[in-house]
Amino acid sequence: MCQQTRVDTAIPYYHRFLERFPTPGDLAEATEDEVLAAWSGLGYYRRARLLHAGVKEVVAQYGGAVPRGAEERRGLPGVGRYTAGALGSIAFDLPEPIVDGNVARVLSRLDRIETPLGRAETERALWTRAEALVAGPRPGDFNQALMELGALVCTPKAPGCGACPWAADCAAHAAGVETSLPVPRPKKKPVPVSLTAVVATRGRGADREVLLERRAQGELFAGLWMVPMVEAGPTQLALGDEAAGSLRDDAQRCAREHGVSGTLEADPRGEVIHVLSHRRYRVRVWRLSAARTRPESPLVPQRLDGLSELGVPRLTHKILSAALPSHES
Ligand code: SF4
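Keep in mind that what you see is a predicted model, and the values were worked out from it rather than measured.

Rules used throughout
- Residues numbered from 1 in each chain as written.
- Predicted model: local features only at pLDDT ≥ 70, side-chain atom pairs only at ≥ 80, totals over all residues.
- Heavy atoms only, no water.
- Helix = DSSP H or I, 4+ residues; strand = E, 2+ residues; numbered from the N terminus.
- Buried < 20%, exposed > 50% of the residue type's maximum accessible area, 1.4 Å probe, protein only.
- Contact = heavy atoms within 4.5 Å.
- Pairing = 2+ DSSP bridges.
- Axes fitted to C-alpha atoms, helices over the stretch in contact; angles between N-to-C directions.
- Parallel < 35°, antiparallel > 145°, perpendicular 65-115°, else oblique.
- Left-handed = near helix turned anticlockwise from the far one by under 90°.
- Nonpolar A, V, L, I, M, F, W, Y, C, P; charged D, E, K, R; others polar.
- Core = buried A, V, L, I, M, F, W, Y, C linked by side-chain atoms within 4.5 Å.
- Salt bridge = Lys/Arg side-chain N within 4 Å of Asp/Glu carboxyl O.
- Domains from an automatic or database assignment.
- 1 Å grid on protein atoms, 1.4 Å probe; cavity = no way out; pocket = protein on both sides within 12 Å on 5 of 7 lines; lining within 4 Å.
- Points joined across faces, edges and corners; volume = space filled by probe spheres on them.
- Near = heavy atom within 4 Å.
- Sits in = over half its atoms within 2 Å of the grid points.

For the rest of this paragraph, the subject is the overall build of the protein chain. Helix and strand content of the protein chain: 13 helices and eight strands. Across its three principal directions, the C-alpha atoms of the protein chain cover 70 × 50 × 30 Å. Looking at the protein chain residue by residue over its 329 residues, the buried ones come to 42%. Considering only contacts within the protein chain whose residues lie at least 6 apart along the sequence, 64% involve residues at least 24 apart.

Okay, the pairing of strand E6 (residues 270-275) next. In regular strands, side chains alternate between the two faces of the sheet. Strand direction decides the pairing type here: E6 and strand E7 (residues 279-293), joined by six bridges, are antiparallel. Within the sheet, the bridge partner assigned to Glu271 lies in E7 and is Arg284. Linking E6 back to E7 in an antiparallel pair, the connection comprises three residues.

Further remarks concern the packing of helix H3 (residues 32-39) against helix H4 (residues 46-62). Where H3 contacts H4, the two axes come as close as 10 Å, and the packing angle between them is 135 degrees. Relative to H4, H3 is oriented oblique. Classified by chirality, the crossing of H4 by H3 is right-handed. Counting all contacts with H3, which are made through Glu32, Val35, Leu36 and Trp39, the residues of H4 involved are Arg47, Ala48, Arg49, Leu51 and His52. Classifying every residue of the contact of H3 with H4 by side-chain character gives five nonpolar, one polar and three charged.

Next up on the list: the nonpolar core. Generally speaking, nonpolar side chains in soluble globular proteins are found buried as a group. Ranked by size, the top nonpolar core spans 38 residues in total, and within it Val199, Val227, Met229, Val283, Leu315 and Ile319 carry the most contacts. Beyond its immediate chain neighbours, meaning those up to four positions away, Leu315 contacts Phe221, Met226, Met229, Val272, His274 and Val283.

Per the counting criterion, the structure on display carries 20 salt bridges. Of the charged contacts, one joins Arg6 and Asp8 as a salt bridge, the two residues approaching to 3.2 Å between their closest N and O atoms. The class of Arg6 is exposed, set by a relative accessible area of 58%. A relative accessible area of 48% places Asp8 in the partly exposed class. Glu265 is the partner of Arg269 in a salt bridge, and the nearest nitrogen-oxygen pair spans 2.8 Å. The exposure class assigned to Arg269 is partly exposed, which follows from its relative accessible area of 34%. Residue classification places Glu265 among the partly exposed residues on the basis of a relative accessible area of 26%.

This part is about the domain arrangement of the protein chain. Taken as a whole, the protein chain is organised into domain 1 (98-187) and domain 2 (191-323). Using only C-alpha atoms to locate each centre, domain 1 and domain 2 end up separated by 45 Å.

What follows covers the environment of Val193. By the secondary structure assignment, Val193 is in strand E1 (residues 191-202). A residue is classified by how much of its surface remains accessible, and Val193, at 12% relative accessible area, is buried. When the C-alpha atoms of Val193 and Arg73 are compared, they prove to be 38 Å apart, with 120 residues separating the residues in sequence.

Time to look at unusual backbone geometry. Put simply, Leu181 and Pro182 share a cis peptide bond, and its omega is -5 degrees. Structurally, Pro182 is set in the loop between helix H10 (171-175) and E1. With phi around 50 degrees, Arg112 is a residue other than glycine that occupies positive phi space. In this structure, Arg112 sits in the loop between helix H7 (101-110) and helix H8 (120-133). For Phe221, which is not glycine, the phi dihedral falls at a positive 65 degrees.

Moving on: the layout of surface pockets. Within this model, the second largest pocket holds a volume of roughly 590 Å³. Lining the second largest pocket are 22 residues, and of these Gly43, Tyr44, Tyr45, Phe221 and Leu276 sit closest to its centre. Going through the elements one at a time, H4, E6 and helix H13 (314-323) are the ones with two or more residues in the lining of the second largest pocket. Of the residues assigned to the lining of the second largest pocket, the class counts are ten nonpolar, eight polar and four charged.

Turning next to the site of the ligand. Taken together, Arg109, Cys154, Cys161, Cys164, Ala167, Cys170, His173 and Glu178 form the complete shell of residues around the ligand. Judged by its atoms lying within 2 Å of the grid points, the ligand is housed in the largest cavity. Here the shell around the ligand is composed, by residue class, of five nonpolar, one polar and two charged.

As structure tokens, then:
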């Protein structure tokens, strides 16, 4: 959970997750929907799917206990060098390195590594140094101390070199260039994507249902429940916001392609902006009531008060909030 997510954000999810799945066996037996529901709101759902796949294998192949052998650990779904090292050193006290963002910052400064993060030579230098350092006693404690040093002392903007046990050996500190290291990896700008979403509802009050589709494997948001969406048509992109007619065409096309009909409102309900690491979505939200589906429609009616039982990403909640003012995202 803490890969790509701040610890204080992850903590409540972590507690709820362990309450819901107290043992590896409970998690292995859960459906993907149940696992994604417990992960909902945390983002980067690939982590949840890989965790689920990894735990299933731990239960099926190793009787529910993570294997001690490095090769077996590295063979589990979703376990790369970082996770294998975290398990090896912290759970089994084996001398295996970990390089996360905090460790990379400390070691880049300690050795004054001036090539950008992410580049092969930088990564090699960091892992080699981490491997040499962890070879001493109590590797699990050492790795955790190194991560904490990065989190609490060798911080990005104002490193506390005066309180650092490595100050005398630190090349960046000696040269006074601490804050210019590490050199960040070149950032890619998120690609703008323009979408049209149709929130199709039926029923009223507490019985109101919304039609959602479960995204297929291999698609973005795989396994998660989304409202029907299409990419904005070329006319809309060319003409901009004034092209109200073409906006409605997109909404009608969206409904048609998803096998749903009903009463489409004359104007969009609003717009949602949602930014992921690689994409910036701009979603026009339309409302369609008294929805009816054709037999081939992939849409499934879901009660609004039952969405917490499903894997529903934040983007879906934002869209529902724009269309249905009573829905809280
Ligand atoms: S001396 Fe300063 S820059 Fe160097 S590792 Fe310690 S806190 Fe980081």
